[in-house]
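# Analysis of the macromolecular model
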Amino acid sequence: MPALCRDCLTSFAGGARCPACRSPRVLTHPELTSLSIAHMDCDAFYASVEKRDNPDLRDKPVIVGGGQRGVVSTACYLARIHGVRSAMPMFQALKLCPEAVVVKPRMAVYAEASRAIRAMMEALTPAVEPLSLDEAFLDLTGTERLHGAPPAVLLARLVRRMEEELGLTGSVGLSHNKFLAKIASDLDKPRGFSVIGRAETATFLTPHPVRIIWGVGTATQAALEAAGIRRIADLLRWDRADLVARFGHMGERLYHLARGEDHRRVNRDEKLKSISKETTFFEDTAEADILDGHLWRLSEQVADRAKAKGLAGRVVVLKLKRGDFQLISRRHSLNEPTQLTDRIYRAARALLDQAGARGPFRLIGVGIADLAPEAEADLSGDLLDPQAAKRAGAERAADAIRARFGRAAIIKGRALR
Amino acid sequence: MKLSIERGTLLKALAQAQSVVERRNTIPILANVLIEAEGNQVSFRATDLDIEVVDRAPAMVERSGATTVSAVMLHEIVRKLPDGALVNLTEDAASGRLTIAAGRSTFSLATLPKEDFPVMATSEYSSNFSAPAKVLRRLFDKAKFAISTEETRYYLNGVYMHTATGEDGPTLRCVATDGHRLARIDAPLPEGAAGMPGVIVPRKTVNELRKLLDDDEATIAVSVSETKVRFATPLITLTSKVIDGTFPDYTRVIPMNNTRRLEVDASEFAKAVDRVATVSSERSRAVKLSLDEDRLILSVNAPDSGAAEEELAVAYGDERLEIGFNAKYLLEIASQVDRENAVFLFNSSGDPTLMREGNDTSAVYVVMPMRV
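In this text, all values refer to a predicted model and were calculated from it rather than measured experimentally.

The next point concerns helix α4 (residues 107–122) of chain A. Residue and element names in this part refer to chain A. Between the first and last C-alpha of α4 there are 22 Å, a value that for 16 residues agrees with the 22 Å anticipated at 1.5 Å per step. Where α4 is concerned, the buried positions are Tyr110, Ala111, Ala113, Ser114, Ile117, Met120 and Met121. Here the buried face of α4 lies against β4 (37–42), α1 (45–53), β5 (62–65), β8 (128–132), β9 (135–139) and α6 (151–166).

With that settled, the discussion passes to the pattern of salt bridges. Applying the stated rule across the entire model yields 63 salt bridges over all chains. The network of salt bridges with shared partners includes Lys142(B), Asp338(B), Arg339(B), Glu357(B) and Asp360(B).

Before going further, it helps to examine the interface of chain B and chain A. Between chain B and chain A, the contact holds 21 residues from the first and 15 residues from the second. Counting the surface lost from both chain B and chain A, the interface buries some 1700 Å², and carbon and sulfur atoms represent 56% of this. Put simply, chain B and chain A have 1 salt bridge between them. The salt bridge involving Arg153(B) is made with Asp382(A); its shortest N-O contact spans 3.0 Å. Our enumeration of links across chain B and chain A arrives at 6 residue pairs in polar contact (both at pLDDT 80 or more).

Residue and element names in this part refer to chain B. Read from one edge to the other, the open sheet built from 9 strands follows the order β14-β11-β12-β13-β26-β25-β24-β18-β22, with strand pairing classed as antiparallel. In the strand order of this sheet, the two ends are held by β14 (199–202) and β22 (315–316), each with one partner. In terms of strand pairing, strand β11 (residues 158–166) meets β14 through 4 bridges, oriented antiparallel. Bridge pairing links Gly158 to Pro202 in β14. Seen against the sheet, helix α3 (residues 133–143) touches β11, β12 (169–177), β13 (181–188), β14 and β26 (360–367) and runs at an angle of roughly 170° to β13.

With that settled, consider the sheet that holds strand β11 (residues 193–195) of chain A. As a general point, the strands of a sheet are linked pairwise by backbone hydrogen bonds and lie either parallel or antiparallel. All names here are of chain A. With respect to topology, 5 strands assemble into an open sheet ordered β8-β9-β4-β10-β11, the strand pairing being mixed. Since the sheet does not close on itself, it has two edges, and those belong to β8 and β11, each with one partner. Looking at each pair of strands side by side, their axes are set apart by 15° on average, direction ignored. Relative to β9, β4 runs antiparallel, the two being bridged by 5 bridges. Note that in β9 the partner of Asp41 across the bridge is Glu135. Those strands touched by helix α7 (residues 178–185) are β4, β8, β9, β10 (170–175) and β11, and its axis lies near 145° from that of β10.

We now examine the pairing of strand β24 (residues 342–346) of chain B. All names here are of chain B. Of all the 5 residues making up β24, 5 are buried; the element is thus mostly covered by neighbouring parts of the structure. Residue alternation in β24 divides its side chains into two sets, Ala342, Phe344 and Phe346 and Val343 and Leu345, and both sets are buried. When strand β18 (residues 260–264) meets β24, the two strands line up antiparallel, connected through 5 bridges. Bridged to Arg260 within β24 is Phe346. In the sheet, β24 pairs with strand β25 (residues 353–357) via 4 bridges, with the strands oriented antiparallel. Along β25, the bridge assignment pairs Phe344 with Met355.

What follows deals with the domain arrangement of chain A. Here the domain parsing of chain A yields domain 1 (31–199), domain 2 (205–257) and domain 3 (274–416). Computed from C-alpha atoms alone, the centre-to-centre distance between domain 1 of chain A and domain 3 of chain A is 33 Å.

With that settled, consider the packing of helix α13 (residues 288–309) of chain A against helix α15 (residues 388–405) of chain A. Residue and element names in this part refer to chain A. At a minimum axis separation of 13 Å, α13 and α15 run at an interaxial angle of 75°. With respect to α15, the element α13 is oriented roughly perpendicular. The segment α13 lies against α15, with Glu300, Asp304 and Lys307 engaging Glu395, Arg396, Asp399 and Arg402. Here the contact of α13 with α15 is built from residues that sort into no nonpolar, no polar and 7 charged.

Bringing the nonpolar core into the picture now. With 105 residues, the main nonpolar core has Phe140(B), Met161(B), Phe231(B) and Phe269(B) as its most contacted residues. If one sorts the elements of this core by residue count, helix α5 (residues 266–277) of chain B sits on top with 7 residues. If you look at the next biggest cluster of nonpolar residues, it comprises 53 residues, including Leu35(A), Phe45(A), Ala113(A) and Phe193(A).

Calculation rules
Residues numbered from 1 in each chain as written. Chains lettered and ligands numbered in written order. Predicted model: local features only at pLDDT ≥ 70, side-chain atom pairs only at ≥ 80, totals over all residues. Heavy atoms only, no water. Helix = DSSP H or I, 4+ residues; strand = E, 2+ residues; numbered from the N terminus. Expected span 1.5 Å × (residues − 1). Buried < 20%, exposed > 50% of the residue type's maximum accessible area, 1.4 Å probe, protein only. Contact = heavy atoms within 4.5 Å. Salt bridge = Lys/Arg side-chain N within 4 Å of Asp/Glu carboxyl O. Buried area = accessible area lost by both parts, 1.4 Å probe. Polar contact = N/O pair within 3.5 Å; in protein donor to acceptor, adjacent residues only side chain to side chain. Pairing = 2+ DSSP bridges. Axes fitted to C-alpha atoms, helices over the stretch in contact; angles between N-to-C directions. Domains from an automatic or database assignment. Parallel < 35°, antiparallel > 145°, perpendicular 65-115°, else oblique. Nonpolar A, V, L, I, M, F, W, Y, C, P; charged D, E, K, R; others polar. Core = buried A, V, L, I, M, F, W, Y, C linked by side-chain atoms within 4.5 Å.

Here it is as structure tokens:
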């Protein structure tokens with residue numbers, strides 16, 4: 001059976017230890033050299049970057065997240081031992097692990113590390129599909145001749161290089177499709193490398209609960225539970241038609257995924273569906289001026305991103321979370337796509353006014369959806385708002401100034417609220 | 001209540017009632033029509049709380065009374081009965097049902113008590129006048145395509161009916177706009193309409209009103225207050241709340257100094273726009289007009305799908321001009337022209353363009369250009 005030493009990258013015929021370096025970190029699998037779809041997920045990415053940059057933190061539980069009111073972005077493995085999890089409210093995390101060091105996220109630094117990792121991955125294959133800063137799918141099909149080594153070796157080399165050059169660890173899942181590769185990368189974290197071959201796909205999946213399927217959240221899980229479906233094995237007993245009849249589009253997906261079938265390609269540029277930004281307040285607020293200031297800044301961030309991506313949105317979305325966590329979401333369809341802060345803000349503002357004074361709110365978010373290329377954006381004016389063209393011109397001019405002299409070179413007074 | 005009525009008469013009376021009823025209702029009684037029989041007449045009343053319609057029809061009333069039944073179901077039953085049938089409506093107070101019998105068919109429908117039916121409060125109308133159906137039909141028909149559907153600008157979701165001073169004196173004027181195009185239609189001010197408050201007539205009311213205006217010879221009694229408007233024929237009364245908002249000052253929007261003048265056969269123009277727009281991108285539908293000495297070139301260039309071009313002989317004697325429009329908007333305004341040539345007045349490629357029929361200023365349209 002083909003085997004690979006994850007430390008010295010020696011390939012050999014099998015055994016518990018590497019014949020070259022005696023390392024026990026040996027990967028053995030009958031399909032090791034024939035699988036080529038991988039998922040790479042960094043281990044506690046933000047926290048690992050912080051530990052790397054500040055060695056004092058190495059042996060302490062570290063939580064990356066924002067403020068008293070914020071939530072945990074990432075907890076290091078030491079903090080996870082205490083039960084701290086991502087997306088947990090900070091106060092709860094600190095109750096579980098009072099000695100944790102809380103670090104504010106430094107997104108720019110993480111983005112830099114992410115870029116470096118991505119460059120390493122792109123040296124292996126052009127088919128890299130990032131899911132976020134710290135994880136990506138890779139399709140290494142057909143790269144063996146080019147690199148002179150099978151995908152498994154390339155991946156082991158990738159994570160070794162990440163450790164050596166960036167001081168960051170990652171876990172790899174290797175399989176024959178995206179669905180299984182993603183599951184595999186999670187099996188043996190941190191510093192893991194798991195393989196799910198074609199032969200054992202069915203036996204591997206059957207005993208697992210349905211929530212292992214990507215996209216099955218609490219709601220779907222409850223709906224499945226109501227139908228008596230808890231494990232993948234239960235799903236296998238259902239006809240495809242019945243699943244579709246009961247769960248619609250999701251049923252179709254479940255039918256195939258339960259059988260380990262996933263024909264999605266690893267897409268270099270997964271098409272963006274929406275652009276949104278949100279912020280959680282330090283304390284709940286219903287004050288119109290404060291909300292308005294946030295609304296403007298968020299609209300600006302959304303517009304900036306749309307402009308950077310050459311995209312525009314036909315629908316403006318406003319999201320509000322009330323103090324009691326009730327979520328309010330409102331959408332407004334524009335007559336044509338826009339990428340202008342001014343138009344996004346005005347539409348969001350109208351939605352906010354209509355949502356009424358049902359505050360106080362703990363979160364506000366603005367987004368655009370139904371995206372279109374920027375060539376189709378902002379082509380027509382508004383008869384009833386003759387100033388709109390002037391404001392659009394001013395915004396484009398301000399953008400040009402910022403591009404040259406930096407983001408803070410010119411801002412709207414409204415952004416200071 | 002017990003009455004008999006000719007099927008055709010009943011169907012006509014119910015048609016309007018059932019179209020006012022909203023299909024999705026949270027209040028059950030709003031799905032019903034209130035039937036009231038007295039003397040030799042029966043009336044059908046339906047409402048969605050914003051609009052109320054009362055339709056009256058002659059009937060042989062044996063026993064007067066009133067009840068309510070599902071408007072849609074009653075309408076469907078009557079629609080499916082054979083033409084010329086005599087329909088008997090009998091209310092059985094004991095079982096709470098209304099029996100509909102015609103020939104060999106018998107139906108019985110559940111009723112709800114007439115006391116629960118919300119009757120729109122009568123109000124004082126500050127202005128009452130009558131206008132020929134033909135005049136109102138033109139005012140609303142030519143304006144309604146420009147009504148906005150945008151809920152955030154709810155005050156544009158209707159036709160602004162008010163009095164104004166046109167070129168030939170005082171007028172009854174209807175204006176609608178969605179911010180991209182605007183229609184301003186005038187008619188000579190009917191006697192008694194002076195001093196009428198301006199009201200925004202909601203889209204649904206405009207559509208319901210339209211059904212009263214088919215008869216060229218009919219005269220419509222119009223009553224207006226700050227909050228309500230009523231249109232009545234001898235048999236039908238349509239009462240509606242008006243949109244509570246301020247219609248924007250549209251006069252600023254209508255360009256007065258556009259000098260570049262294009263005259264073109266409206267139907268040829270519309271056909272050509274429609275042809276070239278076939279290749280435009282589904283959503284933006286941008287069409288470019290290139291004008292030069294008595295020549296108009298319509299073109300579309302959609303990188304993803306293709307290109308199209310068509311030349312038209314027109315009357316144009318001003319400086320060269322290239323200007324883009326949404327094809328749908330151009331088609332809609334061009335289709336309003338039915339007698340003479342369409343006259344377009346342009347300023348620049350970024351300014352609103354005005355369109356009218358010949359030199360007739362009683363119907364003008366404004367359309368915003370698009371960058372192409």
